[in-house]
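Below are the chains, spelled out letter by letter.
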Amino acid sequence: MKKILIIEDDEILNSGLCYNIQKIQLFPVPSYCIREAKERLEEETFDLILLDVNLPDGNGFDFAREAMPKYHTPFIFLTAHHLEEEIIKGLRLGADDYIVKPFRIKVVMEKIQVVLRRCHNGRGSERYSCGNLEIDFKNRTIMRKNEALALTPTEFEILEAFVENRGQILTKGLLLEKIWDRKGNYVNEHTLSLNVSRLRKKIADEDFDYIKTIYGLGYKWSED
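Rules of the game
- Residues numbered from 1 in each chain as written.
- Predicted model: local features only at pLDDT ≥ 70, side-chain atom pairs only at ≥ 80, totals over all residues.
- Heavy atoms only, no water.
- Helix = DSSP H or I, 4+ residues; strand = E, 2+ residues; numbered from the N terminus.
- Rg over C-alpha atoms; globule rule 2.2 N^0.38 Å.
- Buried < 20%, exposed > 50% of the residue type's maximum accessible area, 1.4 Å probe, protein only.
- Contact = heavy atoms within 4.5 Å.
- Expected span 1.5 Å × (residues − 1).
- Polar contact = N/O pair within 3.5 Å; in protein donor to acceptor, adjacent residues only side chain to side chain.
- Axes fitted to C-alpha atoms, helices over the stretch in contact; angles between N-to-C directions.
- Left-handed = near helix turned anticlockwise from the far one by under 90°.
- Nonpolar A, V, L, I, M, F, W, Y, C, P; charged D, E, K, R; others polar.

Enquirer: In this structure, what is going on with the overall build of the chain? I would like to understand it.
Expert: Each helix and strand counted, the chain has 8 helices and 14 strands in total. The C-alpha atoms of the chain give a radius of gyration of 18 Å, which matches the 17 Å a tight globule of 224 residues would have. Taken along its principal axes, the extent of the C-alpha atoms in the chain is 55 × 35 × 30 Å. Residues counted as buried form 48% of the 224 residues belonging to the chain. For the chain, the share of sequence-separated contacts (at least 6 apart) that also reach a separation of at least 24 residues comes to 58%.

Structure below.
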């Protein structure tokens, strides 16, 4: 059973999320502050994190910036602020979704399941080498010149889509369809562009760019 860490200081809301997560056959673990969440993450492995932005002992953005690259766990921000700059900030930190309070619990449950399906679908014991990259799709790891790279689950899904369709031009619309399940999970082209840009910066080096922008069309994976 997949485990969900809920980092939310509102005890009533945390309890409600736990109750509904259990109803969809997942295992919720409540946490009410950053200190407690860090202790949980040191002791257990989680499949997804629900992370409140405003917590009593710190900021959810700072916690994500510090902890997410270490644990490689997909996460969804919960916030009371419907500000575009905050949403963009959260996505740039690697969030897989951003939920604004107050929310409909059925929508949250659907978003949780969409992220879990997207981030935990395996694709067998396949390896791929290109330029200075070594990618292990089974274990979802990537090395550049023998150095491990820290990709978010979403970035890895985008990388996988490029490799599967190498040599072909992928339009933004096609990538959105491949990476984000549109059922109950709206994501626009700006979000896609931010994720592709972040992935490109992580994998590129002085010898290879890998992801080429085809202006007016989309993107293309290049092995040259």
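Enquirer: Just to check I follow, could you spell out helix α1 (residues 11–23) for this structure?
Expert: Since the α-helix turns once every 3.6 residues, residues separated by three or four places project in the same direction. Compared with the 18 Å implied by 1.5 Å per residue over 13 residues, the 19 Å span of α1 between its first and last C-alpha is a close match. Taken together, the buried positions of α1 are occupied by Asn14, Leu17, Cys18, Asn20 and Ile21. At the N-terminal boundary of α1, the capping side chain belongs to Asp10, with an oxygen 3.1 Å from the backbone nitrogen of Ile12.

Enquirer: What is the right way to read helix α4 (residues 84–92) from this model?
Expert: What α4 keeps buried is the set Glu86, Ile88, Gly90 and Leu91. As for α4, its buried residues are in contact with α3 (60–71), β6 (75–79), β7 (97–100) and α8 (189–203). Looking one or two residues beyond α4, the residue adopting positive phi is Gly94, at roughly 105 degrees.

Enquirer: Would you mind showing me how to read the side chain of Asn14 here?
Expert: In this fold, Asn14 is placed in helix α1. Residue classification places Asn14 among the buried positions, given a relative accessible area of 0%. Excluding residues that lie within four positions of it along the chain, Asn14 makes contacts with Ile6, Glu8, Pro30, Ser31 and Tyr32.

Enquirer: For this particular structure, what's the right way to read the packing of α4 against α8?
Expert: Packed helices, taken two at a time, are described by the angle their axes make and the gap between the axes. Running from N to C, α4 and α8 point in directions that differ by 35 degrees, and their axes come no closer than 10 Å. Of the two possible hands of crossing, α4 and α8 adopt the one that is right-handed. Of the residues in α8, those in contact with Ile88, Leu91 and Arg92 of α4 are His190, Thr191, Leu194 and Arg198. The residue makeup of the contact of α4 with α8, split by class, is 3 nonpolar, 2 polar and 2 charged.

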